[in-house]
Amino acid sequence: TYAIEARDLYYTYEDGTVALDHISFRAERGKITGILGANGAGKSTLFLNLNGVLTPAGGEVRVDGIPVTYDRKGLISVRKQVGIVFQDPDDQLFSADVYRDISFGGVNLGLPEEEVRRRVDEAMEWTGVTHLKGKPTHALSFGQKKRVAIAGVLVMEPSVVILDEPTAGLDPQGVSDIMRLLAELRGRLGMTIIIATHDMDIVPLYCDYAYLLNGGKIVAEGTTEALFSQP
Ligand code: ADP
Ligand code: ADP
């Protein structure tokens, strides 16, 4: 079974825009899957359907082979299993300092204090932000905020992490740092990672498999070697 899978997914917005037009998508466990597409292709709509923030109008989403249900219990479960790191870290960092920002999700899950502390320390170490622990989040650089946002998602211990434009706004060094971090999470923690991006360059370098989305349809998919090899 795949870590996460969407079958024949269909989604329309209230104004009638068909944002996902019967797409099938799957992410293999422990791999980095890319969703490549221009602005408006449907990337955000897809991953908001993958973590239950949006309810599909047709088709289904399965996490670890089990269909997502849209009752309270099902939604709590899918949001815990599928973490999203937004493009702009300011959209998910609200607390006074780095430690509290990273712990927020764990506290929200109602985990015991000890367990939250253990997970936050671990996530800070993974993402290389331990030295920033007591800093006010607003004083961090953009790249540091990105790492803090990733740490905040890791604290929930999701089985799938989706990142929207993880490299946007970073300089080349920042890009390779973030992508190396993701490769490490995949390798050492066996996490399933999905990245949505319009950056053609990072997909062949860092993704194992990729989907090309255009106008709400999947127009190509395959291993990155197959997709990006020169004819
Ligand atoms: P089949 O339909 O014959 O099973 P697929 O086209 O589904 O073959 O898959 C081709 C190869 O790509 C398989 O080895 C499969 O494991 C792999 N694959 C499919 N989706 C992903 C993904 N998201 N990440 C990594 N590998 C994948
Ligand atoms: P991407 O993330 O690839 O930029 P989106 O998923 O945001 O693409 O958008 C897919 C399509 O849905 C676009 O045509 C976009 O204009 C439309 N769309 C996105 N959000 C809304 C909304 N809230 N209401 C109506 N249309 C929307």
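Since the model is a prediction, treat every value here as computed from it, not as a measurement.

Asks: Go over the site of ligand 1 with me, naming the residues and quoting the values.
Replies: As a matter of local geometry, ligand 1 sits amid Tyr2, Arg26, Ala27, Glu28, Lys31, Thr33 and Tyr209. One of the side-chain nitrogen or oxygen atoms of Glu28 is found 2.6 Å away from an oxygen atom of ligand 1. At 3.0 Å, a side-chain N or O of Thr33 approaches a nitrogen atom of ligand 1. When ligand 1 is considered free in solution it has 550 Å² of accessible area, and contact with the protein chains removes 51% of it.

Asks: How would you explain the sheet that holds strand 3 (residues 32–36) if you had to name every residue and give the values?
Replies: Strands sit in the order 6-7-8-3-9-10 across an open sheet of six strands; the sheet is mixed. Every other strand in the sheet has two partners, leaving strand 6 (82–85) and strand 10 (217–223) as the edge strands with one partner each. With strand direction ignored, the average angle separating the axes of adjacent strands in the sheet is 20°. As defined by bridge partners, strand 3 adjoins strand 9 (residues 209–214) across four bridges and the pair is classed as parallel.

Criteria and thresholds
- Residues numbered from 1 in each chain as written.
- Chains lettered and ligands numbered in written order.
- Predicted model: local features only at pLDDT ≥ 70, side-chain atom pairs only at ≥ 80, totals over all residues.
- Heavy atoms only, no water.
- Near = heavy atom within 4 Å.
- Polar contact = N/O pair within 3.5 Å; in protein donor to acceptor, adjacent residues only side chain to side chain.
- Areas by Shrake-Rupley, 256 points an atom, 1.4 Å probe, with all protein chains shown as cover.
- Pairing = 2+ DSSP bridges.
- Helix = DSSP H or I, 4+ residues; strand = E, 2+ residues; numbered from the N terminus.
- Axes fitted to C-alpha atoms, helices over the stretch in contact; angles between N-to-C directions.

These values are about where atoms sit, not about what they do.
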